[in-house]
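# Architecture at a glance
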Amino acid sequence: MMYDVVVVGGGHAGCEAASSAAKMGSSVLLVTMNLQTIAQMSCNPAMGGVAKGQILREIDALGGLSGIITDNTAIQFRMLNRSKGPAMWSPRVQSDRMRFAEQWRLALEQIVNLDFLQASVEGLDVTNNKVSGVFLSNGNRISCKTVVLTSGTFLNGVMHIGENKTHGGRSSESSSKGITKCLELLGFESGRMKTGTPPRLDGRSLNYSAFEEQKGDEFPGKFSFTETQPLTKQRSCWVAHTSDEVHNVLRKGFDRSPLFNGAIESAGPRYCPSIEDKINRFSDKESHQMFIEPEGWKTVEVYVNGFSTSLPEEIQEEALRKVSGFENAKFFRPGYAVEYDYFPPTQLKHSLETKLVAGLFFAGQINGTTGYEEAACQGLMAGINAHKVNQEEDPLILTRSQAYIGVLIDDLITKGTDEPYRMFTSRAEFRLTLRQDNADMRLTRIGRELGLIYDQQWERFEKKCEDIEKANQWIVSKKATPGVYNSFLEKKLSAPLKQQGPLTSLVLRPNISLKELLIQEPEGLIQMSEEVWEQVEINLKYAGYIEKELERVEKVKRLESLRIPTGFSFNSIKALSIESRDRLTKIEPTTLGQASRVAGVSPADIQVLLVHLGR
């Protein structure tokens, strides 16, 4: 059978890639080494977080499934950074690990033209720089038009616990061999990266009275813009702290640590370091936070967030039992580090198709990223564009001003990465307009055009747009009178009204919320959902800042609209610095905007390019 798309790997990237391509109409085969571990949460049992929550909502707005499955398997919801402005608000969910994987498997099985195969892919069939199939480890060949590689940490994966090394990409699972060599023979450059995970413990063996409880939000939200239901009950997480005594025990194992004895040479995640790396780099700190996170509604297994380690097993156990509350801790399994192959993402187009081989797409950790959400959004985009390539349509490319997904892909393609890439709000220059609350307003129309937003979700979106417009018109027409509002303003220590004025002027006051004002409204209050009022309030309070940001977006768009012809010779322009010529030739930017973001390219270089492009 000839498939339109073969997706290699069943992790978060692979699941989104397979579902998006299949829902758009492609015949898809999902090949994974173990069908029982589809969408496995290899590390922490959580989705979202700072900037990651924004990505997850964007996936949902485009028609991906991660948000829906996250809502349906959540055990706790928290909106992070509420004390800051709305650009920083980031939803995070604690998930039921087993149910999450089960829900993904069942959701994928509902897609009619999506097939599954448990097998290991060892190579690609490439003819005239175009992929035409994949080779399995048993010697069989599967024909296809496009391939999406989402190999996670499995390409030549090696796991480390102290001085012990085993081949594998995840605990008790073998590594994938052959693909790296095949890609290198085709001319691709590869590298190595490292990530790690903490021990899993029996929650019944811990003394929770020694920990600080961390509850979910009193009024929990949700990720999906569909009809998923918010939580009515939640499980708590818990906070503990290490100590000098714990650190001293850990130091005893440094001579056998693969991080320090040379066994691991590759770069690990800068913003999620192992516990031994933390106490080595921050030796002045007497303690570090640890988060005890339940793995589900019913299981007793807990995840010790903040204690990722590859130290010898006996050192892990001795050190953890020195933490208050962990004295009698029972281990389910130790922490470990894993090294794996990746391919620098500067070898890709913005569509995530490789520059060397037509029809071949990379998504997820193969591109040097870390995190479920970063992987899932790449998988979604790769699946969409694999389908569009087969239909001979232009690819979907989100810009930096449209989505965090656009920021992530542009960073990877333009700047590359030599350490596991993690998304932060600080990476987005337009984060005030790229908020988690308005992801649907930014991207749902695109999802609808792709055929990934079905009628029910589209009708819900259209109603929300109408309600926001109606609520805006209503509040702009309302007047605030001293007799109605001054007693409230006095309680808020805010200046009283001297005369009647627009109600919106009170919304702009920093210590007053729209919700509080609506309670004061004596009559004529229109009934709208909380998410509608939230949109109205943010748009009113930050109107001036949003307007300035949109002006900057327009300036950037002008550079993005200036195309660089395919095959343009940067080396022929002697007015460019040698470094700029080398970097531009390697990256092959397609617009002046992209060229301006290439590391080492100066504003003066862009002016030179403008002249040579006749602008």
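Before reading on, note that the structure itself is shown above.
What comes next is a walk through the structure. As the structure is a computational prediction, the values presented were derived from the model and not from experiment.

### With respect to the overall build of the chain
Scanning the chain for helices and strands turns up 20 helices and 22 strands. Against the 2.2 N^0.38 benchmark of 25 Å for 615 residues, the chain shows a C-alpha radius of gyration of 26 Å, consistent with a compact globule. The buried share of the chain, taken over its 615 residues, is 57%. The long-range fraction of contacts in the chain, counting pairs at least 24 apart against all pairs at least 6 apart in sequence, stands at 71%. Within the structure as shown, the chain displays about 26400 Å² of accessible surface, and the carbon and sulfur contribution to it stands at 49%. In the chain, 73 positive and 76 negative side-chain charges are present, and the distance between their average locations comes to 2 Å.

### Considerations on the sheet that holds strand β5 (residues 90-95)
What the three strands build is an open sheet, ordered β3-β5-β4; its pairing is antiparallel. Either end of the sheet is taken by a strand with one partner, and the two such strands are β3 (46-48) and β4 (74-80). The average undirected angle you get between the axes of adjacent strands in this sheet is 20 degrees. Of the pairings in the sheet, the one linking β4 to β5 comprises six bridges and is antiparallel in character. In the strand pairing of β5, Leu80 is matched with Ser90. Sheet strands in contact with helix α2 (residues 52-62) are β3 and β5, and its direction is about 80 degrees off that of β3.

### Some words on the packing of aromatic side chains
What describes a pair of aromatic rings is the distance from one ring centre to the other and the angle between the planes of the rings. What the rule picks out here adds up to 11 aromatic pairs. Pairing Tyr208 with Phe211 gives two aromatic rings, centres 5.7 Å apart and planes at 85 degrees, and the pair type is edge-to-face. Residue classification places Tyr208 among the partly exposed residues on the basis of a relative accessible area of 26%. Judged by centre distance (5.9 Å) and plane angle (65 degrees), the rings of Trp474 and Trp533 are edge-to-face. Separated by 59 residues along the polypeptide, Trp474 in helix α12 (residues 455-477) and Trp533 in helix α16 (residues 530-541) bring together distant segments of the chain. With relative accessibility at 12%, the residue Trp533 sits in the buried group. An aromatic cluster is present here, built from Tyr208, Phe211, Trp238 and Phe326 joined pairwise through their rings. The lysine or arginine in question, Arg427, covers the ring of Tyr421, its NZ or CZ lying 4.2 Å from the ring centre.

### Comments concerning the side chain of Asn385
Considering the arrangement of structural elements, one finds Asn385 in helix α9 (residues 372-390). Exposure remark for Asn385: the relative accessible area of 1% places this residue in the buried category. Separated by 2.6 Å, the side chain of Asn385 and the backbone nitrogen of Leu396 make a polar contact. Sequence-distant contacts of Asn385, that is, excluding residues within four places in its chain, are made with Ser351, Phe361, Pro395 and Leu396.

### Some thoughts on the sheet that holds strand β11 (residues 164-167)
Strand order in the open sheet made by the four strands is β11-β10-β19-β12, with antiparallel pairing throughout. Strands at the two margins of the open sheet, each flanked by one partner only, are β11 and β12 (191-197). Sheet twist, expressed as the average angle between the axes of neighbouring strands with direction ignored, equals 25 degrees. One ladder, built from three bridges, connects strand β10 (residues 158-161) with strand β19 (residues 336-342); its direction is antiparallel. When the sheet's bridge partners are listed, Val158 is paired in β19 with Glu339.

### A short note on the side chain of Asp125
With respect to the helices and strands, Asp125 occurs in strand β7 (residues 121-127). Apart from the residues lying within four places of it in its own chain, the contact partners of Asp125 are Lys130, Val131, Ser132, Gly133, Val134, Phe135 and Arg141.

### Concerning the nonpolar core
Formed by 98 residues in total, the largest nonpolar core has its most connected members in Val6, Val147 and Ile405. By residue number, the principal contributor to this core is α9, which donates nine residues.

### As for the pattern of salt bridges
Applying the stated criterion across every chain, the model contains 38 salt bridges. Linking Lys52 and Glu374 is a salt bridge whose minimum nitrogen-to-oxygen distance equals 2.9 Å. Placement of the pair is Lys52 in helix α2 and Glu374 in helix α9, with a sequence separation of 322 residues. Assigned by exposure class, Lys52 and Glu374 land together as buried. Linking Arg256 and Glu314 is a salt bridge whose minimum nitrogen-to-oxygen distance equals 2.7 Å. Pair noted here: Arg256 is in the loop between α6 (244-251) and α7 (275-281) and Glu314 is in helix α8 (residues 313-320), with a separation of 58 residues, a long-range link. Note on Arg256: relative accessible area 26%, which makes it partly exposed. Glu314 gets classed as partly exposed once you look at its relative accessible area, which sits at 42%.

Analysis parameters
- Positions within a chain are numbered from 1, following the residues in the order the chain's sequence is written.
- Restriction of local features to residues with pLDDT of at least 70 applies here, the model being predicted, together with a cutoff of 80 or more for giving and counting side-chain atom pairs; totals for whole chains, interfaces and linings are based on all residues.
- Working from all heavy atoms in the structure, the side-chain values ignore hydrogens and water.
- Helix numbering and strand numbering both begin at the N terminus, where a helix is a DSSP run of H or I of at least 4 residues and a strand a DSSP run of E of at least 2.
- Two things to know: the radius of gyration comes from C-alpha atoms, and the globule rule equals 2.2 Å times the number of residues to the power 0.38.
- Relative accessible area decides the class of each residue, using a 1.4 Å probe on protein chains only: under 20% of the type maximum gives buried, over 50% gives exposed, and in between gives partly exposed.
- Contacts were defined at the residue level, with two residues in contact if any of their heavy atoms lie within 4.5 Å.
- A 1.4 Å probe and the Shrake-Rupley method give the accessible areas. Residues count as covered only by the protein chains that appear here.
- Charge convention: Lys and Arg are scored as positive, Asp and Glu as negative, and His as well as the terminal groups of each chain are ignored.
- We put the charge of a Lys on NZ, of an Arg on CZ, of an Asp on CG and of a Glu on CD.
- Two strands are said to pair when DSSP picks up at least two bridges between them.
- Every axis corresponds to a line fitted to the C-alpha atoms, with the helix fit spanning only the stretch in contact, and the corresponding angles, defined between N-to-C directions, vary from 0 to 180 degrees.
- Pairing of aromatic rings covers Phe, Tyr and Trp, the last counted by its six-membered ring, and requires centre-to-centre distances within 6.5 Å; plane angles under 30 degrees mean stacked, over 60 mean edge-to-face, and any other angle means tilted.
- For a Lys NZ or an Arg CZ to count as sitting over a ring, it must be within 6 Å of the ring centre and within 35 degrees of the ring normal.
- In protein, a polar contact means a hydrogen-donor-capable atom and an acceptor-capable atom, both N or O and within 3.5 Å, with residues adjacent in sequence counting only if both atoms are side-chain atoms; elsewhere, any N or O pair within 3.5 Å suffices.
- Put simply, a nonpolar core is a bunch of buried Ala, Val, Leu, Ile, Met, Phe, Trp, Tyr and Cys residues held in one set by side-chain atoms that sit within 4.5 Å of each other.
- Just to be clear on terms, a salt bridge is a Lys or Arg side-chain nitrogen sitting within 4 Å of an Asp or Glu carboxyl oxygen.

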